Amino acid sequence: MATHFDNYAQAGNAFLKKVAGELGSPDLNHAFRVVQAVFYALRDRITPEESMHLISELPMALKAVYVNNWEIPDKPEKYETKAEFLGEVHRSIITADVDFGTSAEDEVQAVFRVLKNYISEGEINHVKGQLPREIAELIDA
């Protein structure tokens, strides 16, 4: 009989496989690093309350990735441009040997394409409402 942990791992791996597919690579480690980096940049840009609403819809394993080492700030970061957001994603990658493939923008968009299959349209709209237009556009690409 599978434990809850096995189920959590299966759901997390299914998400990573979808991201890897969007990236055109079978490398789940790379997919994980990109997902983690996007989550870290996003959680620092939206309010903690909105983060809680967002992660309430994620599989358990992804909730853990989102909150790992999170120090909730008094105020969200104010990345105003797409370049600032993408720069933060790139800096958030834990390992030094990261290959962003064609571009950080393409990889961020891959994560958002998969994420939209897990998060309700209403919640996606709430998240986009807290982001400057050009960052929010990354979600719709």
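Heads up: the structure comes first, above all this text.
Notes on the structure in this doc start here. This is a predicted model, so every value here is computed, not measured.

**Digging into the packing of aromatic side chains**
- Overall, the coordinates contain five aromatic pairs when judged by the stated rule.
- With 5.3 Å between their ring centres and 55° between their planes, Phe39 and Tyr66 make a pair best called tilted. Residue Phe39 is found in helix H2 (residues 28-45), and its partner Tyr66 is found in helix H4 (residues 60-67); the two are separated by 27 residues along the sequence. Comparing Phe39 with Tyr66 shows no difference in burial state: the two are buried.
- Ring centres 5.8 Å apart and planes at 85° place the aromatic pair Tyr66 and Trp70 in the edge-to-face group. Taken as a pair, Tyr66 and Trp70 share a single burial class, namely buried.
- Of the aromatic side chains, those joined through ring pairs into one cluster are Phe39, Tyr66 and Trp70.

**Brief notes about the side chain of Arg45**
- In this structure, Arg45 sits in helix H2.
- The exposure class of Arg45 is buried, given its relative accessible area of 6%.
- Among the polar contacts listed, one links the side chain of Arg45 to the backbone oxygen of Tyr79, at a separation of 2.9 Å.
- In this structure the side chain of Arg45 is engaged in a polar contact, spanning 3.2 Å, whose partner is the backbone oxygen of Gln130.

**Structural notes on the environment of Gly12**
- Looking at the secondary structure, you find Gly12 in helix H1 (residues 4-23).
- Residue Gly12 is classed as buried on the basis of its relative accessible area, which comes to 5%.

**Things to note about the nonpolar core**
- Counting 39 residues, the largest nonpolar core has Val19, Phe39, Phe85, Val108, Phe112 and Leu131 as the members making the most contacts within it.
- Mapped by element, the contributors of at least two residues to this core are H1, H2, helix H3 (48-55), H4, helix H5 (82-92), helix H6 (104-115), helix H7 (121-129) and helix H8 (133-140).
- Beyond its immediate sequence surroundings of up to four residues, Leu131 is in contact with Leu42, Arg45, Ile46, Ala136 and Ile139.

What counts as what
- Residues numbered from 1 in each chain as written.
- Predicted model: local features only at pLDDT ≥ 70, side-chain atom pairs only at ≥ 80, totals over all residues.
- Heavy atoms only, no water.
- Phe/Tyr/Trp six-rings, centres within 6.5 Å; stacked < 30°, edge-to-face > 60°.
- Helix = DSSP H or I, 4+ residues; strand = E, 2+ residues; numbered from the N terminus.
- Buried < 20%, exposed > 50% of the residue type's maximum accessible area, 1.4 Å probe, protein only.
- Polar contact = N/O pair within 3.5 Å; in protein donor to acceptor, adjacent residues only side chain to side chain.
- Core = buried A, V, L, I, M, F, W, Y, C linked by side-chain atoms within 4.5 Å.
- Contact = heavy atoms within 4.5 Å.

Taken by themselves, the reported measurements are silent on function.
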